[in-house]
Amino acid sequence: MDFDMRAFAADCCRFASTAGEEAAVAEFVERELDALGFETYTWDADPDLLADHSSFPDDLDEAALAGRRSVAGVLTLGGDGDAGGDDASDEIPTVVLNGHVDVVPAEPAEWSSDPFEPAWGTDEDGRETLTARGAADMKSGVAACVGAAVDLRESVAAGDLDLPSTGLRVVVEAVAGEEDGGYGAATAALANPYPFERDAVVVAEPTELRPVVACEGSLMARLELTGRSAHAATRWRGEDVLPRFEAIREAFADLEAERGETVDHPLFGEFPVPWPVVCGRVDAGSWASTVPSTLSAEFRIGVAPGETVSEVEATFRERLREVADDDPWLREHPPTFERFSVQFEPAEIAVDEPIVEAARAGLTAVGLPDPEPTGATYGADSRHYVAAGVPTVLLGPGTITEAHYPDETIVWEEVERGREALAATVGAFATDHSGVDAK
């Protein structure tokens, strides 16, 4: 069966697969992989497993994770394996091509067209484009992974790829829940769903086909302040939380700047703000004519590779304490600063890891530039595999600047090149690992 990557990507984008709604697109991907001759596997997010994970809340339950299904397809190529992938030998070099099929919500009023009805068009340079929620982040990347695996099978059948005697195993993963912590990838990393081990992972996030070897982490924390209400006409009788919040926000901004100077990393020098601090949500007061006495604010705070979420949390707690100590009201009514939602630990692998070298060799082989590996100020599912001891690099088509945006768009030519680059990366990894150590 031929693989129509355009149709696959567009059909994936038709699913409004926001958090908790991934099951339908996972079923679609499973059918497609099965029709293409992959041996398929599925798994659901495991609340018992993830409740003990530092990234996730402790109160996860089955109801909260219902519908969060992930799917994978396996091809075992060359050697003594078969097309199904059931050979459990760990001597076969195994590369996972990973992508997520969940998307962030879309506000239709901000879009030029229905965000879940894929639209083909052209950009200002006359290049064909695909516009839809998930087009860049990252259903086109998933399509490129499937295409790369199919191309590798054809190359092996034609005798065009120099494989080790054991052959090559390629896994294509389409996981759920990346946008809110990586439920599918974390479950796969902690409880391997396959009867074999994994040597390396390539996550096809939109990196502009540049290898990303370091991803920033993030602390998600909620600040709460308590003042004293009063009628606006006698505001001096109240204790307004807003000036206190502004003092804290200014202190956190100063700390962001200090950390940009003192927390150094060689792969993050290109970013004007390497460890961003953003207050993304504020809720204060109850009535226009009443002094606001309550405030809740949610922060996202960047965590550098080499740091931990707990270390950065302690740093910001100390700065918050300093602000409170300077305010008589806050000394008596101290603010709270507590984690909420999902925490992202940073992740990093060495630039000379075999999968990174294979990515660079693959880019060169298909005529693309060989850029130096870099870092990213966002988090990704790579951290789960790295934590499990599986070297993981990000490499995929499209740009992160389109992610989560209205009229999210990807240039289709980049997806085609991404497909080629991913196939060449896996081929280079297999060629260079004819003597894979037993695990």
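Procedures and definitions
- Residues numbered from 1 in each chain as written.
- Predicted model: local features only at pLDDT ≥ 70, side-chain atom pairs only at ≥ 80, totals over all residues.
- Heavy atoms only, no water.
- Helix = DSSP H or I, 4+ residues; strand = E, 2+ residues; numbered from the N terminus.
- Rg over C-alpha atoms; globule rule 2.2 N^0.38 Å.
- Contact = heavy atoms within 4.5 Å.
- Areas by Shrake-Rupley, 256 points an atom, 1.4 Å probe, with all protein chains shown as cover.
- Lys, Arg positive; Asp, Glu negative; His and termini not counted.
- Charge placed at Lys NZ, Arg CZ, Asp CG, Glu CD.
- Phe/Tyr/Trp six-rings, centres within 6.5 Å; stacked < 30°, edge-to-face > 60°.
- Buried < 20%, exposed > 50% of the residue type's maximum accessible area, 1.4 Å probe, protein only.
- Salt bridge = Lys/Arg side-chain N within 4 Å of Asp/Glu carboxyl O.
- Pairing = 2+ DSSP bridges.
- Axes fitted to C-alpha atoms, helices over the stretch in contact; angles between N-to-C directions.
- Core = buried A, V, L, I, M, F, W, Y, C linked by side-chain atoms within 4.5 Å.

## A word on the overall build of the protein chain
- A tally of helices and strands in the protein chain yields eleven helices and 16 strands.
- For the protein chain, whose C-alpha radius of gyration is 24 Å, the value lies close to the compact-globule estimate of 22 Å for 439 residues.
- Dimensions of the protein chain along its principal axes, counting C-alpha atoms only, are 85 × 45 × 45 Å.
- Long-range contacts, defined here as pairs at least 24 residues apart, represent 81% of the contacts in the protein chain between residues at least 6 apart.
- Of the roughly 18300 Å² of accessible surface on the protein chain, 47% is carried by carbon and sulfur atoms.
- Charge-centre separation for the protein chain: the mean point of 31 positive side chains lies 7 Å from the mean point of 87 negative side chains.

## Notes on unusual backbone geometry
- With an omega dihedral of -10 degrees, the bond running from Asp 137 to Met 138 counts as a cis peptide bond.
- Mapped onto the fold, Met 138 is located in helix H4 (residues 135–157).
- The phi angle at Ser 341 is positive, at roughly 60 degrees, despite the residue not being glycine.
- Locating Ser 341 in the fold gives a position in the loop between strand E12 (336–339) and strand E13 (347–348).

## Side note on the packing of aromatic side chains
- This model, assessed by the stated rule, comprises 14 aromatic pairs.
- Between Phe 15 and Phe 28 the ring centres are 5.6 Å apart and the planes differ by 40 degrees, which places this aromatic pair in the tilted class. In this pair, Phe 15 sits in the loop between helix H1 (5–13) and helix H2 (23–35) while Phe 28 sits in helix H2, placing the two residues 13 residues apart along the sequence.
- Note on Phe 15: relative accessible area 24%, which makes it partly exposed.
- Measuring from centroid to centroid gives 5.2 Å for Trp 120 and Trp 412, while their planes differ by 80 degrees, and the two rings are edge-to-face. Taken together, the positions of Trp 120 in strand E4 (residues 119–122) and Trp 412 in helix H11 (residues 412–431) put the pair 292 residues apart, joining distant regions of the chain.

## Describing helix H5 (residues 183–190)
- A large share of H5 lies buried, amounting to seven of its eight residues.
- Among the residues making up H5, those that are buried are Tyr 183, Gly 184, Ala 185, Ala 186, Thr 187, Ala 188 and Ala 189.

## Some details on the pattern of salt bridges
- One pass over the full model with this rule turns up 30 salt bridges.
- Arg 419 is the salt-bridge partner of Asp 151, the closest N and O atoms lying 2.8 Å from each other. Of this pair, Asp 151 sits in helix H4 while Arg 419 sits in helix H11; the two residues are 268 residues apart in sequence, bridging distant segments of the chain.
- Residue Asp 151 is classed as partly exposed on the basis of its relative accessible area, which comes to 22%.
- Members of the salt-bridge network, linked through shared partners, are Arg 228, Glu 239, Arg 244 and Asp 327.

## Considering the sheet that holds E12
- Read from one edge to the other, the open sheet built from four strands follows the order E10-E11-E9-E12, with strand pairing classed as antiparallel. Where the open sheet ends on each side, the last strands, each with one partner, are strand E10 (277–284) and E12. Geometrically, the sheet is characterised by an average inter-axis angle of 20 degrees between neighbouring strands, direction not taken into account.
- In this sheet, E12 lies alongside strand E9 (residues 217–226) in antiparallel orientation, the contact comprising four bridges. Each bridged residue has a counterpart across the sheet, and for Ala 221 the counterpart in E12 is Arg 339.
- The strands touched by helix H6 (residues 241–262) are E9, E10, strand E11 (294–303) and E12; relative to E11, the strand with the most contacts, the crossing angle is about 5 degrees.
- Of the strands in this sheet, E9, E10, E11 and E12 are in contact with helix H7 (residues 309–325), which crosses E12 at around 170 degrees.

## Quick look at the sheet that holds E4
- One open sheet accounts for three strands, arranged E4-E5-E16; its pairing is antiparallel. A strand with exactly one partner marks an edge of an open sheet, and here the two such strands are E4 and strand E16 (409–411). Recorded for the sheet is a direction-independent mean angle of 30 degrees between the axes of neighbouring strands.
- When E4 meets strand E5 (residues 128–131), the two strands line up antiparallel, connected through four bridges. Bridging from a neighbouring strand, Trp 120 pairs with Leu 130 of E5.

## Here's the deal with H1
- Buried within H1 we find Met 5, Phe 8, Ala 9, Ala 10, Cys 12 and Cys 13.
- On its buried face, H1 is in contact with H2, E4, E5, H4 and H11.

## Notes on the nonpolar core
- Counting residues in each nonpolar core, the largest one holds 70 residues, and the members touching the most others are Phe 8, Val 29, Leu 97 and Ile 355.
- Sort the elements by how many residues they give to this core and H4 lands first, with twelve residues.
- Excluding residues within four positions of it along the chain, Ile 355 makes contact with Val 95, Ala 200, Val 201, Val 202, Ile 349, Pro 391, Val 393, Thr 425 and Phe 429.

Note that every value here comes from positions in space, so none of it alone points to a role or purpose.
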